[in-house]
Amino acid sequence: MKRHSVLIELSQEHHHTLALCLRILRAPEQNHQTDITEHYVDLEQHFIHEETLFAPLWDKLNRPELRQRFEHDHAELRRLFREAQFDRAEWNTTFATLLRDHARFEERELFPAMEQNALPPE
């Protein structure tokens, strides 16, 4: 299925995020502070864009479990970044795994549900 036009840019950003996660998970023992910090500036804007876009759509979607996961993941990723421990393999693995799983969740579950139930037809 072709991605709804309002979600295309978000999907493209997910591609960059997944590439970052792959680099981190290939070498979690390395310090990825520069990559993560540079990406986080864009990631925070990505989160704000999604939160603003989806805010008026949650009632139409009527899938509280998707909203709960979406909001929980964003909050947890923000918390992890605030408490970053770039020199710890465990932190790198936790952060990259959650970020990867969140992007996949949006692409595989949330975006298709939004396209089918909440976004206007194109």
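Criteria and cut-off values
Residue positions are given per chain, counting from 1 as you read along its sequence in written order. Given that this is a predicted model, residues contribute local features only at a pLDDT of at least 70 and side-chain atom pairs are listed and counted only at 80 or more, while totals for whole chains, interfaces and linings are drawn from all residues. Heavy atoms from the whole structure form the basis of all side-chain values; hydrogens and water molecules are not counted. Here is the rule: rings of Phe, Tyr and Trp (six-membered ring for Trp) pair when centre to centre is within 6.5 Å. Planes less than 30 degrees apart are stacked, more than 60 are edge-to-face, and the remainder are tilted. In this scheme, a residue with accessible area under 20% of its type's maximum is buried, one over 50% is exposed, and one in between is partly exposed, where area comes from a 1.4 Å probe on protein chains only. Should a side-chain nitrogen of Lys or Arg be within 4 Å of a carboxyl oxygen of Asp or Glu, the pair is scored as a salt bridge. A helix here means a DSSP run of H or I that spans at least four residues, while a strand means a run of E at least two residues long, and both kinds are numbered starting from the N terminus.

- Per an unreviewed UniProt entry, the protein goes by Hemerythrin domain-containing protein and derives from Kingella bonacorsii.

A few points about the packing of aromatic side chains
- Applying the stated criterion across every chain, the model contains eight aromatic pairs.
- Seen in terms of ring centroids, Phe54 and Trp58 are 5.9 Å apart; in terms of plane orientation they differ by 70°. Their pairing is edge-to-face. No difference in accessibility class separates Phe54 from Trp58, as the two residues are buried.
- Their ring planes at 70° and their centres at 6.5 Å tell us that Phe81 and Phe86 sit as a pair that is edge-to-face.
- In this structure an aromatic cluster arises from ring pairing among Tyr40, Phe81, Phe86, Trp91 and Phe95.

Considering the pattern of salt bridges
- Scanning all chains against the criterion turns up 12 salt bridges.
- The partner of Arg3 in a salt bridge is Glu107, and the shortest N-O contact between them spans 2.9 Å. Taken together, the residues Arg3 in the segment before helix 1 (5-26) and Glu107 in helix 5 (residues 89-117) connect sequence positions 104 residues apart. You'll find Arg3 and Glu107 in the same group, each marked buried.
- The shortest N-O distance in the salt bridge between Arg23 and Asp35 comes to 3.5 Å. You can see Arg23 sitting in helix 1 and its partner Asp35 sitting in helix 2 (residues 33-54), a full 12 residues away along the chain.
- With a relative accessible area of 41%, Arg23 lands in the partly exposed category.
- Members of the salt-bridge network, linked through shared partners, are Arg3, Glu107 and Glu115.

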